[in-house]
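# Inside the fold
If you want the building blocks of each chain, they are given just below.
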Amino acid sequence: MNKGFATTAEAVADILDGATVMIGGFGGSGAPIELIHALIDAGPKNLTVINNNAGNGHVGLAAMIEQGMVARLICSFPKSKDPKAFTDRYLAGEIELELVPQGTLAERIRAGGAGIPAFYTPTAYGTELGENKPTAEFDGKPYVQERWLKADFALVKAELGDPYGNLTYRLAARNFNPLMATAAATTIAQVSRLVPAGGIDPEAVVTPGIFVNRLVEVPNPQQEEVLNQAEARYP
Amino acid sequence: MNKGFATTAEAVADILDGATVMIGGFGGSGAPIELIHALIDAGPKNLTVINNNAGNGHVGLAAMIEQGMVARLICSFPKSKDPKAFTDRYLAGEIELELVPQGTLAERIRAGGAGIPAFYTPTAYGTELGENKPTAEFDGKPYVQERWLKADFALVKAELGDPYGNLTYRLAARNFNPLMATAAATTIAQVSRLVPAGGIDPEAVVTPGIFVNRLVEVPNPQQEEVLNQAEARYP
Amino acid sequence: MNIQGQLNQEQIAWRAAQDIEDGAYVNLGIGFPEKVAAYTIEGREPIFHTENGVLGFGRAPEKGEEDWDLINAGKKAITLKPGAAFFDHATSFAMIRGGHLDVAILGALQVAENGDLANWRVGDKGVPAVGGAMDLVNGAKRVAVLTDHVTRDGKPKLVEACSFPLTGVGCVTRVYTSLAVIDVDIAHQRFVLVEKLPHLSMDDLQSVTGAKLHVEGGVGDLEVPELS
Amino acid sequence: MNIQGQLNQEQIAWRAAQDIEDGAYVNLGIGFPEKVAAYTIEGREPIFHTENGVLGFGRAPEKGEEDWDLINAGKKAITLKPGAAFFDHATSFAMIRGGHLDVAILGALQVAENGDLANWRVGDKGVPAVGGAMDLVNGAKRVAVLTDHVTRDGKPKLVEACSFPLTGVGCVTRVYTSLAVIDVDIAHQRFVLVEKLPHLSMDDLQSVTGAKLHVEGGVGDLEVPELS
C-alpha cells in the first residue's frame, strides 16, 4: 500500500472543470497552500469550493478566486483582513455564495462523510439562513433540517502521513481538515513529513487512512498568514 | 481546576434509582469494571443502562443485571460467551430490551452529545428494527429517522487523565467511551493514570476535558475477560 | 441625549468578567468580547474555547513569537495553557450545540426583549458573513451580550423587536451595556434591570432604551474601576 | 439430495478471498467470514476493519499473549500490522455507513433474489442480537455472503423472498456457497450463476436453490484447493 504521489501537480491533475472541491483550513491555519497553488497551475474552471472562508490577500483560495476558477463558494465567513478577491467578484455577481453557519457547515461535512443524508439542528432556526428549509419539533423545541455535503475532491493539510494515508495535524491546523478528508470521493493530503508504515502511533492517528486517497510530501509548507504579511501573490 | 475524586464510591454516590447510565466498553475492552462495581456497592435500582452488550459472566454489567439493578437495557448485541445473567432475566420478562443496530447506537449517542435531536440513516430501513420510525427519502433513497440518546451519567474507562478531564484511551478500549463521555449530564471517568496538567500532549487528547466531570484514578484496572477466565463473581 | 460617564469597552468587559465562574467553559466572540479574558477574577480559572478547535488557550504571544497554526476564531495568534486540547471543527461545534459551554459572550447590533439577537448583518448590502454566532446562541447554557447602550447616532440597541436580520430567537439572557446590566426574562419577554450607573436616573436610562425596563426587587449600582 | 464434494467453510472462504483486491478495505463478519483473512492472495494487502475501532489488524496473537483491550468485533484477541489506526465507534461506523469500506463479508440465514438478506434472527424466540450487520449491509460498496448452499435440514438458503426477519433490503451483490458463486442482479431482482462445482449439473444446483438461477454468458468452474 502506497498512496504517495511525487508532486502536488500529479496529485491534483484530474480535478477538472465543474468539480466540487473541499479545501481544509480555517483562515490560513491548516490551509493546504501548495495543493491550492498546484490547482491554480492546472487551472480548472467553474469549481464549487467548500471552505470556511473566502481567502485572504492574493495567495491560496483568494488567488483561485482571482483566477476566475470559482463559480460557487459554500462558506461561513467570507471576510478577512484583505477580502478584495472575493468581495469584488461577489459584488459583481460573478461568484455565487451559499452562506452556512459554521457549526452547520462542519456538521454537514461530517454527515457527508458518515453517510447521514440529513440531520436537525437548532442553529439558524427563525433566521434568514434557516428559511426555506424543512423544520421539525422535537421535545417541544424547533429545529431546522440540514443536508449532508460531499465533494469530488478534498484538499487537506496534515503534519505526518504514512503510506496508508494515516494523518496527524499540527496544533489548531486540524479544524476542518479531518472532516473534509471523510467527505470527498478523492481526498488529497499534503503532509509536512511522510513517515514509514508504523511511523505514527495507532493511538495518535487523527484521520485513519481509509479516508485518504493520495499523499504528497511538502516539507516546510508555506503559511498563508506569513505569505500575506510579505504581500505575496500567486501565480 | 481539579475534577479528581478520591474513590470510585464517591464518584458514583449520586447515581440514584431510576437514572439512565451509559457504560463504555465493547465487551470487556474499555469496560469500566471498577466504576461498575462501585455502583453495584451503591445499589441503585430501576436503572436504564446503555451499553453495546449485556454483560458476560458474573462481573461488571452482568453482575449489575444479576443484582436486579437494571430495568431497561439499550444495546446492539446482548449475547456473549456467558450471557446467562441477562438471558434469564430477559426471558423471564424482568428486563426490557431496546435493540439498536450498533452504528445507529453509536450515532445516536454522538448526536446526544452534539445537540443533534434526530438524523437519518439507511440502517434498519425495511427491517423490524426500523418499524414505527419516521422515514424519508433523500436523493431517491429511503432512510429511517433516529433520535439522539442522552444519559444522566456516563461511566467511562480511560488510560490517561489530567485534572481538567482530558482523556486518552488504550488501544481498542476507546470504542464507545469517547461518545458516551459527550452525551451524559455527568461523565465519570476511571483513568489508569492521573497526570498533572500538561501531562497529555494537547494534540493527543481524545476526549477534551469539557466533556468530563469527574475522574478517579484506578491503577491496573481489572479486565472483564480476565476476570471471567478466572470465573470471578461480584460482589 | 448626552450621557456623562458611560462605560468604555474595557469597563463593560470588566463587568462581564465578574460573572464568570471558576472552571466555566467560555467562548468569547471576535473583537470586543475577547477583552473579557483580560479581566478574569484572581483565583478563578475559566477555560476558554474557540470555534476552530482549541480549549484552554491563553494570552496572545509576544510579537514575532506567533505560530500561525495556533490561532483563535478571530484569526489572532494565541498561546496554550497547561491542560489545553485540540480537536476538529465537528467536535468543537458538538461542544457548542450540545450544551457543553457554560457561557458565550457576543457583540450585538440589537437585542430584543424576547431574547432575540441580531448581530451578523445590517441589511442586504455588502458581503454577508455569519461564522459561528448562530451556533453559539443556540448552544451555550448562558448567552450574554456586550454592547454600547445606543448606536453611534443615538438609536437604542435594546429594542422591542429586532429590525435587523436575526442571529437567533429567544437566546440572550443578559446584556452588559455602557450604562447598565440588564437581564432578559425570555419566558415573559421583558427586560429586567439589574444594575445601572449610579448617577443615571431611571427615566434617563429608559429614554435611551427601546423597550420597557422592568424592575424586580432592587436595582444595583453598576460600579466599575477606571480602565482604558 | 445428497451432494458429493461440497465445499467446506475453509474452501468457501478461500474462494471469497480470491475476489479481494489489493488495498481493499474489508470488514469480515464474526465467525465463518473471519476465515477469509487467512486466504489473502500473496502479494495483495487488504486492510481489515473491525467495528470496534481498528483498521489494519492482523492475525490472532499466540495463546497467552492476548491483550484484551485489543480485540475484534467477535471479541477475539488480535494483533496490529504497521499502519494500523484506532478510532471511536462513531468514526468506525462513519467508515461503514459513509461508503468507505470496499467489501463487507457476512454470513446468512437467507439471501433473496432481490438482494435482501436475513442473517440476524430466526424467529421471535430467544434473545435477539443485531450488532453491526444492519449498518454493514447498507454501507459497504460491495456486500458478499458466505454460506452453505442449503440449511442443515436441506432447505434452500437462496430464496425468492426471505421468510426470516430482514437485515437489509436489496443489499447483497454476491453469494459464495458450498456449491456455487452467484451474483445478485439487484436491479432485475434475479440470481445470476457465476461459477458452480464442475461435477454438479445445472438441474441439481437449481433443485437445491429456492429461486431461479439465471445464466449470462458462461458459467465458470468453481475450483478450490483441498483445505480443512
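Right, let's walk through the structure included here. (Residues numbered from 1 in each chain as written. Chains lettered and ligands numbered in written order. Predicted model: local features only at pLDDT ≥ 70, side-chain atom pairs only at ≥ 80, totals over all residues. Heavy atoms only, no water.)

In this section: the interface of chain C and chain A. Between chain C and chain A, the contact holds 35 residues from the first and 47 residues from the second. Buried area between chain C and chain A, both sides added, is near 3400 Å², and the carbon and sulfur share of it is 63%. For chain C, the biggest contributors to the area lost against chain A are Trp68, Asp69 and Val127 of chain C; these three give 21% of the whole. Scanning the region where chain C abuts chain A turns up three salt bridges. Where arginine 121 of chain C meets glutamate 128 of chain A, a salt bridge forms, and the shortest distance between an N and an O atom there is 3.2 Å. (Contact = heavy atoms within 4.5 Å. Buried area = accessible area lost by both parts, 1.4 Å probe. Salt bridge = Lys/Arg side-chain N within 4 Å of Asp/Glu carboxyl O.)

Residues and elements named next belong to chain A. Judged by pairing direction, the sheet is parallel, and its eight strands sit side by side in the order β1-β11-β10-β9-β2-β3-β4-β5 without closing on themselves. Each of the sheet's edge strands pairs with one partner strand only, and the pair in question is β1 (4-5) and β5 (96-99). Pairing between strand β2 (residues 20-23) and strand β3 (residues 47-50): three bridges, direction parallel. Bridge pairing in β3 places valine 21 opposite valine 49. (Pairing = 2+ DSSP bridges. Helix = DSSP H or I, 4+ residues; strand = E, 2+ residues; numbered from the N terminus.)

Looking now at the interface of chain C and chain B. Opposite the 20 residues of chain C that make contact, chain B presents 20 residues. Both sides of the chain C and chain B interface together cover about 1600 Å² of buried area, and 62% of this is carbon and sulfur. Taken together, the links from chain C to chain B amount to seven residue pairs in polar contact (both at pLDDT 80 or more). Those elements that provide at least two residues to the side of chain C that touches chain B are β4 (80-86) and α2 (89-97) of chain C. Its residues assigned to classes, the side of chain C that touches chain B comprises 13 nonpolar, five polar and two charged. (Polar contact = N/O pair within 3.5 Å; in protein donor to acceptor, adjacent residues only side chain to side chain. Nonpolar A, V, L, I, M, F, W, Y, C, P; charged D, E, K, R; others polar.)

Ranked by size, the top nonpolar core spans 75 residues in total, and within it Val36, Ile105, Val111, Leu117, Leu146, Val172 and Phe191 of chain C carry the most contacts. Broken down by element, this core gets its largest block of residues, five residues, from helix α1 (residues 9-17) of chain C. The contact partners of leucine 117 of chain C, leaving out residues within four places of it in the chain, are Gly107, Ala108, Gln110, Val111, Val137, Val145, Cys162, Leu166, Thr167, Gly168, Cys171 and Val172 of chain C. Ranked by size, the runner-up nonpolar core spans 73 residues in total, among them Ile105, Val137, Val145 and Ala211 of chain D. (Core = buried A, V, L, I, M, F, W, Y, C linked by side-chain atoms within 4.5 Å. Buried < 20%, exposed > 50% of the residue type's maximum accessible area, 1.4 Å probe, protein only.)

The gaps left among the atoms become clear once a water-sized probe is rolled over them. Under the criterion given, the structure shown has seven cavities of 30 Å³ or more. By volume, the largest cavity is sized at about 70 Å³. In this structure, the largest cavity is lined by Tyr164, Asn166, Gly209 and Ile210 of chain B together with Tyr25, Ile47, Leu55, Gly56, Pro82, Gly83, Ala84 and Ala85 of chain C. Mapped by element, the contributors of at least two residues to the lining of the largest cavity are β3 (54-57) and β4 of chain C. (1 Å grid on protein atoms, 1.4 Å probe; cavity = no way out; pocket = protein on both sides within 12 Å on 5 of 7 lines; lining within 4 Å. Points joined across faces, edges and corners; volume = space filled by probe spheres on them.)

Another aspect to go through is helix α2 (residues 33-42) of chain A. Residue and element names in this part refer to chain A. Taking burial as the measure, the ten residues of α2 include eight buried ones, the bulk of the element. Listing the buried residues of α2 in full gives Ile33, Glu34, Leu35, Ile36, His37, Ala38, Leu39 and Ile40. Looking at the residues trailing α2, positive phi occurs at glycine 43, about 80°.

Here we take up the sheet that holds strand β9 (residues 158-159) of chain C. Residues and elements named next belong to chain C. In spatial order, the strands read β7-β6-β9; together these three strands make up an open sheet with mixed pairing. Either end of the sheet is taken by a strand with one partner, and the two such strands are β7 (117-118) and β9. Bridge count for strand β6 (residues 110-112) against β7 is two bridges, and the pairing is antiparallel. Residue pairing in the sheet places glutamine 110 in a bridge with alanine 118 of β7.

All right, on to helix α2 (residues 89-97) of chain D then. All names here are of chain D. Of all nine residues making up α2, eight are buried, and the element is well covered by its neighbours. Taken residue by residue, α2 has His89, Ala90, Ser92, Phe93, Ala94, Met95, Ile96 and Arg97 as its buried positions. Capping of α2 at its N-terminal end is provided by aspartate 88; its side-chain oxygen lies 3.0 Å from the backbone amide nitrogen of alanine 90. Where α2 ends, the next residue or the one after it, glycine 99, has phi of about 80°, a positive value.

Bringing the packing of helix α5 (residues 102-114) of chain A against α2 of chain C into the picture now. α2 of chain C packs onto α5 of chain A with a crossing angle of 125° between their chain directions and a minimal axis gap of 9 Å. Put simply, α5 of chain A runs oblique to α2 of chain C. Taken as a pair, α5 of chain A and α2 of chain C cross one another with a handedness that is left-handed. Every residue of α2 of chain C that contacts α5 of chain A at Gln102, Gly103, Thr104, Ala106, Glu107 and Arg110 of chain A is listed here: His89, Ala90, Phe93 and Arg97 of chain C. Across the contact of α5 of chain A with α2 of chain C, the residue classes break down as three nonpolar, four polar and three charged. (Axes fitted to C-alpha atoms, helices over the stretch in contact; angles between N-to-C directions. Parallel < 35°, antiparallel > 145°, perpendicular 65-115°, else oblique. Left-handed = near helix turned anticlockwise from the far one by under 90°.)

This brings us to the side chain of asparagine 177 of chain A. Residues and elements named next belong to chain A. One can find asparagine 177 in helix α6 (residues 177-183). Looking at asparagine 177, the relative accessible area reads 0%, which means it is buried. At 3.2 Å, the side chain of asparagine 177 and the backbone nitrogen of lysine 157 are in polar contact. The contacts of asparagine 177, once residues within four sequence positions are left out, are Gly24, Gly25, Gly30, Leu155, Val156, Lys157 and Tyr169.

Right, let's talk about the pattern of salt bridges for a bit. In this structure the tally under the stated criterion is 44 salt bridges over all chains. A salt bridge links glutamate 98 of chain B to arginine 108 of chain B; the shortest N-O distance between them is 3.1 Å. Pair noted here: glutamate 98 of chain B is in strand β5 (residues 96-99) and arginine 108 of chain B is in helix α5 (residues 102-114), with a separation of ten residues, a long-range link. What makes glutamate 98 of chain B partly exposed here is its relative accessible area of 21%. With a shortest N-O distance of 2.6 Å, arginine 174 of chain D and aspartate 183 of chain D are connected by a salt bridge. The class for aspartate 183 of chain D is partly exposed, based on a relative accessible area of 23%. Ionic contacts of the salt-bridge type, sharing partners, join the residues Arg15, Asp19, Arg174, Asp183 and Glu195 of chain C into one network.

With that settled, consider the pairing of strand β8 (residues 141-147) of chain A. All names here are of chain A. Alignment of strand β6 (residues 118-121) against β8, held across four bridges, turns out to be antiparallel. From the neighbouring strand, alanine 118 faces β8, where its bridge partner is arginine 147. Relative to β8, strand β7 (residues 135-138) runs antiparallel, the two sharing four bridges. Across the sheet, phenylalanine 138 pairs through a bridge with lysine 141, a residue of β8. The loop that links β7 with its antiparallel partner β8 comprises two residues; one of these, aspartate 139, has a positive phi angle of about 50°.

In short, the description is geometric, and any link to function would need to be established separately.
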